[in-house]
Amino acid sequence: MVQRQRAFFETGRTRDVGFRMRELRRLRQAIARREGDLANALRADLGKSPLDAYTSEIGYVLGDADHALRRMRAWARPRRRRVPPIAWPGRGAVHPMPFGVALVIGPWNYPFQLLFSPVVSAIAAGNCVCVKPSEYAPHTSR
(Lines give C-alpha, C1' and ligand atoms only; values in the text may rest on other atoms or scores of the structure.)
Protein backbone atom coordinates (compact mmCIF):
# COMPACT_ATOMS: atom_id res chain seq x y z
CA MET A 1 0.00 0.00 0.00
CA VAL A 2 2.81 2.41 0.88
CA GLN A 3 4.47 1.79 -2.49
CA ARG A 4 1.22 2.57 -4.31
CA GLN A 5 0.84 5.77 -2.30
CA ARG A 6 4.43 6.80 -3.05
CA ALA A 7 3.95 6.04 -6.74
CA PHE A 8 0.81 8.17 -6.82
CA PHE A 9 2.57 11.00 -4.98
CA GLU A 10 5.37 10.90 -7.54
CA THR A 11 2.86 11.64 -10.33
CA GLY A 12 2.62 15.17 -8.91
CA ARG A 13 -1.17 15.26 -8.90
CA THR A 14 -1.31 16.12 -5.17
CA ARG A 15 0.61 19.37 -5.74
CA ASP A 16 -2.43 20.91 -7.44
CA VAL A 17 -4.52 22.75 -4.85
CA GLY A 18 -7.69 22.10 -6.85
CA PHE A 19 -7.05 18.35 -6.66
CA ARG A 20 -6.54 18.57 -2.89
CA MET A 21 -9.76 20.50 -2.47
CA ARG A 22 -11.75 18.00 -4.54
CA GLU A 23 -10.38 15.08 -2.53
CA LEU A 24 -11.03 16.83 0.77
CA ARG A 25 -14.61 17.59 -0.31
CA ARG A 26 -15.07 13.92 -1.22
CA LEU A 27 -13.80 12.86 2.21
CA ARG A 28 -16.07 15.38 3.92
CA GLN A 29 -19.09 14.17 1.95
CA ALA A 30 -18.30 10.54 2.79
CA ILE A 31 -18.09 11.38 6.50
CA ALA A 32 -21.35 13.36 6.40
CA ARG A 33 -23.11 10.51 4.54
CA ARG A 34 -21.98 7.94 7.11
CA GLU A 35 -22.53 10.10 10.20
CA GLY A 36 -25.18 7.76 11.61
CA ASP A 37 -23.02 4.68 11.06
CA LEU A 38 -20.08 6.42 12.71
CA ALA A 39 -22.20 7.42 15.70
CA ASN A 40 -23.39 3.81 16.07
CA ALA A 41 -19.83 2.52 15.87
CA LEU A 42 -18.66 5.00 18.50
CA ARG A 43 -21.54 3.90 20.74
CA ALA A 44 -20.55 0.24 20.30
CA ASP A 45 -16.85 0.89 20.96
CA LEU A 46 -16.95 3.58 23.64
CA GLY A 47 -20.58 3.96 24.75
CA LYS A 48 -20.79 7.49 23.32
CA SER A 49 -24.19 9.05 22.83
CA PRO A 50 -24.99 10.41 19.35
CA LEU A 51 -24.51 13.97 20.66
CA ASP A 52 -21.15 13.10 22.22
CA ALA A 53 -20.05 11.26 19.08
CA TYR A 54 -20.84 14.29 16.95
CA THR A 55 -19.44 17.00 19.21
CA SER A 56 -16.23 15.23 20.22
CA GLU A 57 -15.38 13.36 17.01
CA ILE A 58 -17.49 13.60 13.85
CA GLY A 59 -18.30 17.32 13.98
CA TYR A 60 -14.73 18.10 14.94
CA VAL A 61 -13.39 16.41 11.79
CA LEU A 62 -16.04 18.06 9.60
CA GLY A 63 -15.02 21.41 11.08
CA ASP A 64 -11.35 20.68 10.37
CA ALA A 65 -12.24 19.87 6.76
CA ASP A 66 -14.27 23.07 6.39
CA HIS A 67 -11.43 25.14 7.86
CA ALA A 68 -8.88 23.52 5.56
CA LEU A 69 -11.08 24.09 2.51
CA ARG A 70 -11.41 27.79 3.39
CA ARG A 71 -7.68 28.31 4.04
CA MET A 72 -5.96 25.87 1.68
CA ARG A 73 -5.26 28.31 -1.15
CA ALA A 74 -3.66 30.77 1.27
CA TRP A 75 -1.59 28.03 2.90
CA ALA A 76 -0.26 26.88 -0.48
CA ARG A 77 0.67 30.38 -1.68
CA PRO A 78 4.40 31.26 -1.75
CA ARG A 79 5.47 33.78 0.90
CA ARG A 80 8.32 36.25 0.62
CA ARG A 81 11.04 36.18 3.25
CA ARG A 82 13.92 38.46 4.09
CA VAL A 83 17.39 37.38 3.18
CA PRO A 84 20.53 38.18 5.20
CA PRO A 85 22.46 41.30 4.16
CA ILE A 86 25.20 39.18 2.62
CA ALA A 87 22.67 37.84 0.10
CA TRP A 88 21.46 41.29 -0.98
CA PRO A 89 20.15 42.18 -3.55
CA GLY A 90 18.73 38.66 -3.52
CA ARG A 91 15.20 37.78 -2.60
CA GLY A 92 13.82 34.94 -0.56
CA ALA A 93 10.57 33.03 -0.62
CA VAL A 94 9.04 29.96 0.98
CA HIS A 95 7.16 27.71 -1.44
CA PRO A 96 5.07 25.18 0.54
CA MET A 97 5.50 21.70 -0.95
CA PRO A 98 3.96 18.36 0.01
CA PHE A 99 6.27 15.96 1.81
CA GLY A 100 5.15 12.59 0.46
CA VAL A 101 3.27 9.86 2.28
CA ALA A 102 2.04 10.28 5.86
CA LEU A 103 1.19 7.46 8.24
CA VAL A 104 -1.58 8.19 10.74
CA ILE A 105 -2.01 5.74 13.61
CA GLY A 106 -5.31 6.04 15.46
CA PRO A 107 -5.70 5.67 19.24
CA TRP A 108 -8.54 3.91 21.02
CA ASN A 109 -9.92 6.82 23.08
CA TYR A 110 -10.95 9.13 20.20
CA PRO A 111 -10.73 6.59 17.39
CA PHE A 112 -12.35 8.70 14.68
CA GLN A 113 -11.31 12.27 15.48
CA LEU A 114 -7.66 11.53 16.24
CA LEU A 115 -7.39 9.41 13.09
CA PHE A 116 -9.15 11.70 10.61
CA SER A 117 -8.13 15.18 11.77
CA PRO A 118 -4.50 14.43 10.81
CA VAL A 119 -5.76 12.86 7.56
CA VAL A 120 -7.53 16.14 6.72
CA SER A 121 -4.32 18.07 7.41
CA ALA A 122 -2.20 15.70 5.32
CA ILE A 123 -4.56 15.92 2.35
CA ALA A 124 -4.71 19.71 2.64
CA ALA A 125 -0.91 19.80 2.58
CA GLY A 126 -0.85 17.66 -0.57
CA ASN A 127 0.38 14.43 0.95
CA CYS A 128 -0.86 10.91 0.44
CA VAL A 129 -2.00 9.12 3.59
CA CYS A 130 -1.91 5.60 4.99
CA VAL A 131 -4.12 5.07 8.04
CA LYS A 132 -3.90 2.44 10.75
CA PRO A 133 -7.02 2.52 12.93
CA SER A 134 -6.97 1.26 16.49
CA GLU A 135 -7.64 -2.43 16.99
CA TYR A 136 -9.23 -1.48 20.35
CA ALA A 137 -12.09 0.30 18.55
CA PRO A 138 -13.10 -2.41 16.04
CA HIS A 139 -16.52 -1.00 15.12
CA THR A 140 -15.15 2.46 14.38
CA SER A 141 -12.18 0.95 12.54
CA ARG A 142 -14.49 -1.03 10.31
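It should be noted that the structure appears before, not after, this text.
Every value quoted in this text rests on a predicted model; they were computed, and no experiment measured them. (Residues numbered from 1 in each chain as written. Predicted model: local features only at pLDDT ≥ 70, side-chain atom pairs only at ≥ 80, totals over all residues. Heavy atoms only, no water.)

Undergrad: Just to check I follow, could you spell out the side chain of Ser56 for this structure?
TA: Along the polypeptide, Ser56 turns up in helix α4 (residues 50–76). A polar contact is formed between the side chain of Ser56 and the side chain of Lys48, at a distance of 3.0 Å. In this structure the side chain of Ser56 is engaged in a polar contact, spanning 2.6 Å, whose partner is the backbone oxygen of Asp52. Excluding residues within four positions of it along the chain, Ser56 makes contact with Lys48, Tyr110 and Gln113. (Helix = DSSP H or I, 4+ residues; strand = E, 2+ residues; numbered from the N terminus. Polar contact = N/O pair within 3.5 Å; in protein donor to acceptor, adjacent residues only side chain to side chain. Contact = heavy atoms within 4.5 Å.)

Undergrad: How should the packing of aromatic side chains be read in this particular structure?
TA: What characterises a pair of aromatic rings is the spacing of the ring centres plus the angle enclosed by the ring planes. Here the structure, examined in full by the defined rule, presents two aromatic pairs. With centroids separated by 5.9 Å and ring planes inclined at 40 degrees, the aromatic side chains of Phe8 and Phe19 adopt a geometry described as tilted. Here the residue Phe8 occupies a position in helix α1 (residues 2–10), and Phe19 occupies one in helix α2 (residues 17–33), the gap between them amounting to eleven residues. Residue Phe19 is classed as buried on the basis of its relative accessible area of 10%. (Phe/Tyr/Trp six-rings, centres within 6.5 Å; stacked < 30°, edge-to-face > 60°. Buried < 20%, exposed > 50% of the residue type's maximum accessible area, 1.4 Å probe, protein only.)

Undergrad: Honestly, the pairing of strand β3 (residues 101–105) in this entry has me stumped. Any pointers?
TA: Regular strands have side chains that alternate between both faces of the sheet. Sheet topology places β3 next to strand β4 (residues 128–132); five bridges connect them, and they run parallel. By the bridge assignment, Val101 is partnered in β4 with Cys128. (Pairing = 2+ DSSP bridges.)

Undergrad: Sorry if this is basic, but what is going on with α4 here?
TA: Quick reminder: α-helices carry 3.6 residues per turn. Residues three or four places apart thus point the same way. Of all the bends in α4, the greatest, near 45 degrees, is centred on Arg70. Buried within α4 we find Ala53, Ser56, Glu57, Ile58, Gly59, Val61, Leu62, Ala65, Ala68, Leu69 and Met72. Buried residues along α4 sit against α2, α3 (35–46) and α5 (113–125). (Bend = angle between axes of the 7 residues up to and from the residue.)

Undergrad: I would appreciate a short explanation of a positive patch on the surface in the present structure.
TA: Together, Arg71, Arg77, Arg79 and Arg81 give the surface a local cluster of positive charge. Structurally, the position occupied by Arg79 is in strand β1 (residues 79–81). Using a relative accessible area of 34% as the deciding quantity, one classes Arg79 as partly exposed. (Patch = residues over 30% accessible without salt bridge, like charges linked within 9 Å, V, L, I, M, F, W, Y side chains within 5 Å. Areas by Shrake-Rupley, 256 points an atom, 1.4 Å probe, with all protein chains shown as cover. Salt bridge = Lys/Arg side-chain N within 4 Å of Asp/Glu carboxyl O. Lys, Arg positive; Asp, Glu negative; His and termini not counted. Charge placed at Lys NZ, Arg CZ, Asp CG, Glu CD.)

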